[in-house]
Amino acid sequence: MPHYAVKKIGIIERYQEYLPVTDRTPIISLNEGNTPLILAEALPVELGLKNIRIYYKFEGLNPTGSFKDRGMTLAISKAVEAGSKAVMCASTGNTSASAAAYACRCGLKCFVLIPEGKIAKGKLLQAYRYGAKVIMVEGNFDEALEIVKEMTQDGKITLVNSINPFRIEGQKTGAFEIVDDLGDAPEYHAIPVGNAGNITAYWKGYKEYKKAGKSEKLPKMLGFQAAGSAPIVLGKRVEKPETLATAIRIGNPASWQGATAARDESGGLIDSVTDEEITRAYRFIAEREGVFAEPASAAGVAGVIKLAQKNFFKEGTRIVITLTGSGLKDPDFALSFEDPIFKVKSTVKAVKEVIE
Ligand SMILES: *Cc1c(COP(=O)(O)O)cnc(C)c1O
């Protein structure tokens, strides 16, 4: 049966000249990428910022609800090209959801190692529904990653954590899309930092696009870790990382060097934000902007708020904040605010009484 004319919008088709693919690379795609750059309306007003534009790059609208899909489409495509039959990752949740989806799409086995009890429900249920074998380890993410590294060393199973270089290559397309949308790079790019693959990837993308003549500037990269999991800010690994933003609950980032290089080469910074600041930012963008992102994503917003309050940003500039994942990923956190429940008789009168 003829295939109807599908618009090619996956990141590999769209940006293949910048990616390590050939005619022999099978493209395993779920039409990831092409996510919206949403203009912030309430936030600049709240912060009293004049003549400064803030945009949310909303990665929660990727096929599995996080930016991880950009890297995973390439990592899985290259694994299939290399003849692999199985993939494995350690995950705080979104990597496993994405790996499971792309793996099942092409018949690869998928094994995911998850730190016990510290994974948001939405992510766990995705890994199961996409048919992965989910293994909970009695330890944290960093320990799980060590196990995965050892088990994939002989090459029989492909590692799809972000130390797989194809993950970073795919993820850099986020920067390409921003430049394509804005016509140039923004002055500042704010982003949460966990394992630090994404800040590394965006910086790589911005540099490559500039070299290709697609942009005139490079942004200053502003990375934000959670205060209880801030190894790069502290300059040393954190043995027992803590934060409610589970996606960035990482004590020993795999791409530490990439993150500090992005910071230093761009003239940016890496700072930390508290769980309270993350929570306030999380609620602000949902309740005032209509943009629902997960707690880790809000770390970037919290960081921009913190810097704006110190008059960090220059007038006439643009700030892009990557919102890394969907708010639907973490329903337990979303429902932890003692929202009032109005239970009334099923009459107009009773409802009127409540809304007045
Ligand atoms: C993976 C992830 C991060 C952290 O990205 P790194 O590349 O590990 O720094 C942040 N937010 C969300 C929602 C994630 O899934």
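Placed above this text is the structure.
The rules behind each value
Residues numbered from 1 in each chain as written. Predicted model: local features only at pLDDT ≥ 70, side-chain atom pairs only at ≥ 80, totals over all residues. Heavy atoms only, no water. Helix = DSSP H or I, 4+ residues; strand = E, 2+ residues; numbered from the N terminus. Rg over C-alpha atoms; globule rule 2.2 N^0.38 Å. Contact = heavy atoms within 4.5 Å. Lys, Arg positive; Asp, Glu negative; His and termini not counted. Charge placed at Lys NZ, Arg CZ, Asp CG, Glu CD. 1 Å grid on protein atoms, 1.4 Å probe; cavity = no way out; pocket = protein on both sides within 12 Å on 5 of 7 lines; lining within 4 Å. Points joined across faces, edges and corners; volume = space filled by probe spheres on them. Nonpolar A, V, L, I, M, F, W, Y, C, P; charged D, E, K, R; others polar. Buried < 20%, exposed > 50% of the residue type's maximum accessible area, 1.4 Å probe, protein only. Axes fitted to C-alpha atoms, helices over the stretch in contact; angles between N-to-C directions. Parallel < 35°, antiparallel > 145°, perpendicular 65-115°, else oblique. Left-handed = near helix turned anticlockwise from the far one by under 90°. Pairing = 2+ DSSP bridges. Near = heavy atom within 4 Å. Polar contact = N/O pair within 3.5 Å; in protein donor to acceptor, adjacent residues only side chain to side chain. Sits in = over half its atoms within 2 Å of the grid points.

## Structural notes on the overall build of the protein chain
Here is step 1: From N to C terminus, the protein chain includes 15 helices and 10 strands.
Here is step 2: Its C-alpha atoms give the protein chain a radius of gyration of 20 Å, within 12% of the compact-globule value 21 Å for 356 residues.
Here is step 3: If you line up the protein chain on its principal axes, its C-alpha atoms span 65 × 55 × 55 Å.
Here is step 4: Put simply, 73% of the contacts in the protein chain that link residues at least 6 apart link residues at least 24 apart.
Here is step 5: Where the 46 positive side-chain charges of the protein chain centre and where its 42 negative ones centre are 2 Å apart.

## Some words on unusual backbone geometry
Here is step 1: Not every positive phi belongs to a glycine, and Asn31 is a case in point at roughly 60 degrees.
Here is step 2: The residue Asn31 is located in the loop between helix H1 (11-14) and strand E1 (37-39) in this model.
Here is step 3: One non-glycine residue with positive phi stands out, namely Asn311, at about 55 degrees.
Here is step 4: Positionally, Asn311 belongs in the loop between helix H13 (295-308) and strand E10 (317-323).

## As for empty space enclosed by the protein
Here is step 1: Inspection of the entire model under this criterion finds 1 cavity of 30 Å³ or more.
Here is step 2: Counted as a void, the largest cavity has a volume near 310 Å³.
Here is step 3: Taken together, 29 residues make up the lining of the largest cavity; nearest its centre are Phe67, Lys68, Gly194, Asn195 and Ala247.
Here is step 4: Secondary-structure elements contributing two or more residues to the lining of the largest cavity are helix H4 (94-105), helix H7 (165-171), helix H9 (197-211) and H13.
Here is step 5: Here the lining of the largest cavity takes 3 residues from H9, the largest share from any one element.
Here is step 6: Looking at side-chain class alone, the lining of the largest cavity contains 11 nonpolar, 15 polar and 3 charged residues.

## Quick notes on the side chain of Lys172
Here is step 1: Secondary-structure assignment places Lys172 in the loop between H7 and helix H8 (173-182).
Here is step 2: The class of Lys172 is buried, set by a relative accessible area of 1%.
Here is step 3: Dropping the residues within four chain positions of it, Lys172 is found in contact with Tyr18, Leu19, Ala201, Lys204, Gly205 and Glu208.

## Observations regarding the packing of H8 against H9
Here is step 1: For the pair H8 and H9, interaxial distance at closest approach is 7 Å and the crossing angle is 50 degrees. Relative to H9, the element H8 is oriented oblique. In this structure, H8 crosses over H9, and the sense of that crossing is right-handed. Contacts between H8 and H9 involve Gly174, Ala175, Phe176, Ile178, Val179 and Asp180 on the former and, on the latter, Tyr202, Gly205, Tyr206, Glu208 and Tyr209.

## Side note on the layout of surface pockets
Here is step 1: Empty space within the largest pocket amounts to approximately 320 Å³.
Here is step 2: Here the residues of the lining of the largest pocket are counted per class, giving 5 nonpolar, 4 polar and 9 charged.
Here is step 3: What the second largest pocket holds in volume is close to 240 Å³.
Here is step 4: For the lining of the second largest pocket, the secondary structure elements donating two or more residues are helix H2 (42-47), helix H12 (275-289) and H13.
Here is step 5: Take the lining of the second largest pocket: its biggest share by element is 5 residues, from H12.
Here is step 6: Per-class residue counts for the lining of the second largest pocket are 6 nonpolar, 1 polar and 5 charged.

## Comments concerning the sheet that holds E1
Here is step 1: Reading across from one edge, E1-E2-E10-E7-E8-E9 is the order of the 6 strands in this open sheet, with mixed pairing throughout. Strands with a single pairing partner mark the edges of an open sheet, and in this sheet they are E1 and strand E9 (269-273). Neighbour-to-neighbour, the strand axes of this sheet turn through a mean angle of 25 degrees, independent of strand direction.
Here is step 2: Direction of pairing for strand E7 (residues 188-192) relative to E10: parallel, over a ladder of 3 bridges. When the bridges of E10 are listed, Ala190 appears paired with Ile321.
Here is step 3: Most of the contacts of H12 go to E9, to which it runs at about 90 degrees, and overall it touches strand E2 (52-58), strand E8 (220-226), E9 and E10.

## Re the site of the ligand
Here is step 1: Taken together, the neighbourhood of the ligand is formed by 15 residues, with Lys68, Asn94, Asn195, Ala196 and Thr324 sitting nearest.
Here is step 2: Lys68 places a polar side-chain atom, nitrogen or oxygen, 2.6 Å from an oxygen atom of the ligand.
Here is step 3: Between an oxygen atom of the ligand and a main-chain N or O atom of Ala196, the distance comes to 2.8 Å.
Here is step 4: Because more than half of its atoms lie within 2 Å of the grid, the ligand is assigned to the largest cavity.
Here is step 5: Of the residues belonging to the shell around the ligand, the class tally is 6 nonpolar, 7 polar and 2 charged.

Keep in mind these numbers describe shape, not what the thing actually does.
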